[in-house]
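# Tertiary structure, described
Next come the chains, spelled out residue by residue.
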Amino acid sequence: MTPQISDIYTCSLSSGSGGNCIYAGCKDAHILIDAGRSARATVALLAEIDIKITDIDAIFITHEHIDHVNGLKVLINKYKIPVYMTWESFNNLSDDYKSALSVGGVINFISPGSAVDIGRLRIECCAAPHDSAANVGYIIAAHTDCGAVKKAVGIITDTGYITKEIADAVRGCGIIYIESNHDLEMLRDSSYPEKIKQRIKSKNGHLSNKDCAEALPYFIKNGARKIILFHLSGENNTRELAVKEAKKNILGAKLNVGTVYLSVAPKSSPSKMISL
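Just so you know, these numbers come straight off a predicted model, no measurement behind them.

## Examining unusual backbone geometry
Here the phi dihedral of aspartate 34 falls at roughly 75°; this positive angle occurs in a residue that is not glycine. Among the secondary structure elements, aspartate 34 is positioned in the loop between β3 (29–33) and α1 (39–48). In this structure, lysine 80 takes a positive phi of about 55° despite not being glycine. Tracing the sequence through the fold places lysine 80 in the loop between α3 (72–79) and β5 (83–86).

## Looking at the pairing of strand β10 (residues 149–156)
Judged from the six bridges that link them, strand β9 (residues 136–143) and β10 form a sheet pairing that is antiparallel. For isoleucine 139, the partnering residue across the bridge sits in β10 and is glycine 154. Alignment of β10 against strand β11 (residues 175–179), held across four bridges, turns out to be parallel. Paired with isoleucine 155 across the bridge in β11 is tyrosine 177.

## A closer look at α1
Along α1, the residues classified as buried are Ala39, Ala41, Thr42, Leu45 and Leu46. Taken around the axis of α1, the buried residues stretch over an arc of 160°, which confines them to a single face. For α1, exposure combined with an orientation more than 90 degrees from the buried face picks out Arg40 and Glu48. As for α1, its buried residues are in contact with β1 (9–14), β2 (21–26), β3 and α3. Directly beyond the C-terminal end of α1, a positive phi value near 65° is found at aspartate 50.

## What to know about the pattern of salt bridges
Here the structure, examined in full by the defined rule, presents ten salt bridges. In this structure, the salt-bridge partner of aspartate 117 is arginine 122, at a minimum N-O distance of 2.8 Å. Judged by its relative accessible area of 40%, aspartate 117 falls in the partly exposed class. Overall, arginine 122 belongs to the partly exposed group, its relative accessible area being 25%. Notably, a salt bridge pairs arginine 171 with aspartate 168, separated by 3.0 Å at the nearest N-O pair. What makes arginine 171 partly exposed here is its relative accessible area of 35%.

## Examining the sheet that holds strand β7 (residues 115–118)
Ordered in space as β7-β8-β9-β10-β11-β12-β13, the seven strands form an open sheet in which the pairing is mixed. Only two strands of the sheet have a single partner each, and these edge strands are β7 and β13 (261–264). Neighbouring strand axes in the sheet, compared pairwise and without regard to direction, differ in orientation by 20° on average. Where strand β12 (residues 226–230) and β13 come together, four bridges link them in parallel fashion. For leucine 229, the partnering residue across the bridge sits in β13 and is valine 264.

## Side note on the sheet that holds strand β14 (residues 274–275)
Pairing within the open sheet is mixed, and its seven strands lie in the order β6-β5-β4-β3-β2-β1-β14. Because the sheet does not close on itself, it has two edges, and the strands there are β6 (107–110) and β14. Note: β2 against β3, five bridges, orientation antiparallel. If you follow cysteine 26 over to β3, its bridge partner there is alanine 29.

## What about the packing of aromatic side chains?
Scanning all chains against the criterion turns up seven aromatic pairs. A ring pair is formed by tryptophan 87 and phenylalanine 90, whose centres lie 5.6 Å apart and whose planes are at 40°; its orientation type is tilted. With tryptophan 87 and phenylalanine 90 both in helix α4 (residues 87–91) and three residues apart, the pair spans about one turn of that helix. The class for tryptophan 87 is partly exposed, based on a relative accessible area of 43%. With a relative accessible area of 7%, phenylalanine 90 lands in the buried category. Consider the rings of tryptophan 87 and phenylalanine 109, whose centres lie 5.3 Å apart with planes at 80°: the pair is edge-to-face. Within this pair, whereas tryptophan 87 is found in helix α4, its partner phenylalanine 109 is found in strand β6, the two being separated by 22 residues in sequence. An aromatic cluster of three or more residues is present, and its members are Phe60, Tyr84 and Tyr138.

What counts and how
- Residues numbered from 1 in each chain as written.
- Predicted model: local features only at pLDDT ≥ 70, side-chain atom pairs only at ≥ 80, totals over all residues.
- Heavy atoms only, no water.
- Helix = DSSP H or I, 4+ residues; strand = E, 2+ residues; numbered from the N terminus.
- Pairing = 2+ DSSP bridges.
- Buried < 20%, exposed > 50% of the residue type's maximum accessible area, 1.4 Å probe, protein only.
- Arc of directions from axis to C-beta.
- Contact = heavy atoms within 4.5 Å.
- Salt bridge = Lys/Arg side-chain N within 4 Å of Asp/Glu carboxyl O.
- Axes fitted to C-alpha atoms, helices over the stretch in contact; angles between N-to-C directions.
- Phe/Tyr/Trp six-rings, centres within 6.5 Å; stacked < 30°, edge-to-face > 60°.

Written out as structure tokens, the structure reads:
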């Protein structure tokens, strides 16, 4: 029998400016979203969840910033894992990365609105505003036993704001990874140059705790039951502040926090493995 939607499992392997990577898989397919840690660290993190790097069928890249591609060159040189990313992000990688992807024959180009099937998983992408050449979020769905495709996991880890396209794409996902990058007051009072502060707060920057929290009631009302706050700044945020803001908005929308699994992705270790 073909596995049901509940057979998709996922966890964060690493989150934040030190490197981002998310695992998602089912019985016959295993993928990574981003490869922001070194190849050695990625292999070790996968081992902690009993997955071998040779089990990984594909790596999907959100954008070309180093905290999302740091381990990519070594991973593809050594293991020849297929990589999916936008042409714009590929074209803005350094020459050594582009050479490794091209010579290895592993590069596959995607664009917002496109979908890729990896085993029983279907991976779709949507555009997300960020200060990169291109940036996408991912929606991971599963083929059910009746032949339908049902959304399971939405991943929006770098975006300046939640566009209608993002909201529509992620609506219906039972599990959502969403950026909760910074606390506005901590960022205001930080030692960052003013230009950097404005970039982070811009519509091509990162979601604040407030921005993230304001989106949660909509997602919960449309099927989200497990939410992982992702990509927290090490200098301009804390786990406690991010969770507090999220809970405040959920309660303010008269939703029961107790019915929602709410967690924060650890910076450099695997989170709890979850499924629908």
